[in-house]
Amino acid sequence: MTRYAVDLLLDEAAAARAGRAVAAPLTVRLAPGDALTLRGPNGSGKSSLLRAIAGVGGFSEGRAAIGGEADARGRARLTHYIGHRPGARGSLTARETLAFHRAVLGGEASIAAALERVGIAAEGDRPAGALSAGQLRRLALARLLVADRPVWLLDEPTAALDAAGAALVARMVAEHRADGGIAVVATHDAFEPEAAATATLLAA
């Protein structure tokens, strides 16, 4: 039995930047276990669309709904948004960073297990500001594990990672989907979830 059972709907949805549509509207419905890859050049609105779905950005037209929740706050409670920036305060340790995100998101999962899973258990007590770019990306991935959310919104998730790190992302996404989770991935590189639908964003 799968853990999650919500769908994701984008209905003529166009993300907004400075009040204007960034890209042409997109319509897609993702069922539990599905994945969507967003492709397009810089400035095409991939990041803006992820943020809008997550409820931290807006739509110029159309709407998004997750499990029937169309309200931004309702969607936010069902999503993990991992941006292309680290999202970690340099003065906090890796362990403290995950503790903060777990408290905000309401999770109960083990921080030690999350650090172990992403391969930075030995860095748990180091300040985030002392971590390498690849370690910061792994720390961001660990945030997916400390709170339980059915929809993952991942912006360039393999940036700064080596081949082993990219393989880790692929495994994590595959396992999340096997649990009925949904993944929406914005990417420039060769990474793409297996059997994912693909949407190429075009300027509005």
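A brief report on the enclosed structure follows.

Criteria and thresholds
Residues numbered from 1 in each chain as written. Predicted model: local features only at pLDDT ≥ 70, side-chain atom pairs only at ≥ 80, totals over all residues. Heavy atoms only, no water. Pairing = 2+ DSSP bridges. Helix = DSSP H or I, 4+ residues; strand = E, 2+ residues; numbered from the N terminus. Axes fitted to C-alpha atoms, helices over the stretch in contact; angles between N-to-C directions. Contact = heavy atoms within 4.5 Å. Parallel < 35°, antiparallel > 145°, perpendicular 65-115°, else oblique. Left-handed = near helix turned anticlockwise from the far one by under 90°. Nonpolar A, V, L, I, M, F, W, Y, C, P; charged D, E, K, R; others polar. Buried < 20%, exposed > 50% of the residue type's maximum accessible area, 1.4 Å probe, protein only. Polar contact = N/O pair within 3.5 Å; in protein donor to acceptor, adjacent residues only side chain to side chain.

1. Structural notes on the sheet that holds strand β6 (residues 79–82)
So, step 1. In space, the five strands of this open sheet follow the order β6-β7-β8-β4-β9, with parallel pairing throughout. Every interior strand has two partners, whereas the edge strands, β6 and β9 (197–200), have only one. Recorded for the sheet is a direction-independent mean angle of 15° between the axes of neighbouring strands.
So, step 2. Summarising the sheet, strand β4 (residues 35–39) and strand β8 (residues 182–186) pair through four bridges and their orientation is parallel. Following the sheet pairing, leucine 38 is matched in β8 by alanine 186.
So, step 3. Across the sheet, helix α6 (residues 163–178) touches β4, β7 (151–155) and β8, and the angle it forms with β7 is around 160°.

2. Looking at the packing of helix α3 (residues 94–105) against helix α5 (residues 133–146)
So, step 1. Running from N to C, α3 and α5 point in directions that differ by 40°, and their axes come no closer than 9 Å. Considering the angle they form, α3 stands oblique to α5. In the crossing of α3 with α5, the sense of the turn from one axis to the other is right-handed. Contact residues: Ala94, Thr97, Leu98, His101 and Arg102 in α3; Leu139, Ala142, Arg143 and Val146 in α5.
So, step 2. Here the contact of α3 with α5 is built from residues that sort into five nonpolar, two polar and two charged.

3. Concerning the pairing of β4
So, step 1. Counting buried positions over the five residues of β4 gives five, a clear majority of the element.
So, step 2. Of the two faces of β4, the one lined by Ala35, Thr37 and Arg39 and the one lined by Leu36 and Leu38 are each fully buried.
So, step 3. Where β4 lies against β9, four bridges are found, and the strand directions are parallel. Looking across to β9, one finds that threonine 37 is bridged to threonine 198.

4. A word on helix α1 (residues 46–54)
So, step 1. Across the nine residues that make up α1, a large majority, seven, are buried.
So, step 2. Of all the positions in α1, only Lys46, Ser48, Leu49, Leu50, Ala52, Ile53 and Ala54 are classed as buried.
So, step 3. At the exit of α1 stands glycine 55, carrying a positive phi of roughly 85°.

5. Some points on the environment of leucine 50
So, step 1. Relative to the helices and strands, leucine 50 resides in helix α1.
So, step 2. Sequence-wise, leucine 50 and alanine 186 are 136 residues apart; in three dimensions their C-alpha atoms are separated by 7.9 Å.
So, step 3. Excluding its chain neighbours within four sequence positions, the residues that come into contact with leucine 50 are Leu38, Tyr81, Leu153, Leu154, Asp155, Val184 and Ala186.

6. What about the side chain of histidine 101?
So, step 1. Within the fold, histidine 101 resides in helix α3.
So, step 2. With a relative accessible area of 15%, histidine 101 lands in the buried category.
So, step 3. Among the polar contacts made by the side chain of histidine 101, one reaches the main-chain carbonyl oxygen of glycine 87 at a distance of 3.5 Å.
So, step 4. Non-local contacts of histidine 101, meaning those with residues more than four positions away in its chain, are made with Gly87 and Arg143.

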